[in-house]
Amino acid sequence: MVKVSGYLVQSYMICRRQVWFYSREVIPYQGEDLLEIGRLIHKGSYKREKKEIEFECFKIDIIKNKGSNLVIAEVKKSSKAMKSARMQLLFYLYKLKQMGVSAKGELLVPKERKREKVELTEEAEEEIRNVIEDIKRIISMPAPPEFKKSRYCNKCAYKDFCFS
Ligand code: SF4
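Residues numbered from 1 in each chain as written. Predicted model: local features only at pLDDT ≥ 70, side-chain atom pairs only at ≥ 80, totals over all residues. Heavy atoms only, no water.

K.L.:
Explain the packing of aromatic side chains residue by residue, including any values.
P.N.:
One pass over the structure, following the stated rule, counts seven aromatic pairs. Ring centres of phenylalanine 91 and tyrosine 92 lie 6.0 Å apart, and the angle between their planes is 55 degrees; this geometry places the pair in the tilted category. Using a relative accessible area of 1% as the deciding quantity, one classes phenylalanine 91 as buried. Note on tyrosine 92: relative accessible area 4%, which makes it buried. Taken together, a centroid distance of 5.6 Å and an interplanar angle of 25 degrees make the contact between phenylalanine 147 and phenylalanine 163 stacked. Linking phenylalanine 147 in the loop between helix H5 (122–139) and helix H6 (159–162) with phenylalanine 163 in the segment after H6, this pair joins segments that are 16 residues apart in sequence. The class for phenylalanine 147 is partly exposed, based on a relative accessible area of 29%. Judged by relative accessible area, phenylalanine 163 falls into the partly exposed class, the value being 21%. Taken together, Trp20, Phe21, Tyr158 and Phe161 form an aromatic cluster joined through their ring pairs. (Phe/Tyr/Trp six-rings, centres within 6.5 Å; stacked < 30°, edge-to-face > 60°. Buried < 20%, exposed > 50% of the residue type's maximum accessible area, 1.4 Å probe, protein only. Helix = DSSP H or I, 4+ residues; strand = E, 2+ residues; numbered from the N terminus.)

Rendered as structure tokens:
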């Protein structure tokens, strides 16, 4: 059984069908230019505070101390998909909490000079727990959820699997 990861949580917020494909290791081609933009943003921004750490099911872009708080931050290319990025960060905060680590989160969009605080409140924790359970349910399905066209489809790397 594939472990629920930050990437799966982010995909879940965009498309349930994408979650199923990813869980079956159907990895789409993302395009050299997109990968390069991502690499440059990560290298050029927040250099001083950047400390990337990687665990079994997640990779945190930045981890730092702010006063008495531990803050983890995710760096994004744009603020277009902030809802899914927020949920991914909540997933990391939840996993850290399970390890006994209390932290706060920040979403950073260097190109737009944006910074958004994310906290694991009781309500947010329940929300992320429900998301994790639903991802597990989708992963265990023998076939992907039914195709439903959305505004994400035309730019989705899996579109060849869904329509042509
Ligand atoms: S093409 Fe659309 S339905 Fe298919 S995986 Fe991508 S977002 Fe989901």
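K.L.:
So, the confidence of the model for the chain: which residues are in play, and what are the values?
P.N.:
Taken as a whole, the chain shows an average pLDDT of 83; of its residues, 80% reach a score of 70 or greater. When pLDDT is averaged over each helix and strand of the chain, the minimum, 46, is found for helix H3 (residues 32–44) and the maximum, 97, for H5. (pLDDT = per-residue confidence, 0-100.)

K.L.:
Could you give an account of the site of the ligand, naming the residues involved and the relevant values?
P.N.:
Every residue close to the ligand is listed here: Cys15, Arg17, Gln18, Phe147, Cys153, Cys156, Tyr158, Lys159, Cys162 and Phe163. When residues of the shell around the ligand are traced back to their parent elements, those giving at least two are helix H2 (16–23) and H6. Classifying every residue of the shell around the ligand gives seven nonpolar, one polar and two charged. (Near = heavy atom within 4 Å. Nonpolar A, V, L, I, M, F, W, Y, C, P; charged D, E, K, R; others polar.)

K.L.:
Could you give me a rundown of the pattern of salt bridges, with the residues and numbers involved?
P.N.:
Tallying each qualifying case throughout the model produces nine salt bridges. A salt bridge links glutamate 106 to arginine 115; its shortest N-O distance comes to 2.9 Å. Among the residues examined, arginine 115 registers a relative accessible area of 46% and is labelled partly exposed. As a salt-bridge pair, lysine 136 and glutamate 133 come within 3.7 Å of each other at their nearest N and O atoms. Residue lysine 136 and its partner glutamate 133 are located together in helix H5, separated by three residues, close to a single helical turn. The partly exposed category is assigned to glutamate 133, whose relative accessible area is 49%. Through salt bridges that share partners, Lys64, Glu106 and Arg115 make up one connected network. (Salt bridge = Lys/Arg side-chain N within 4 Å of Asp/Glu carboxyl O.)

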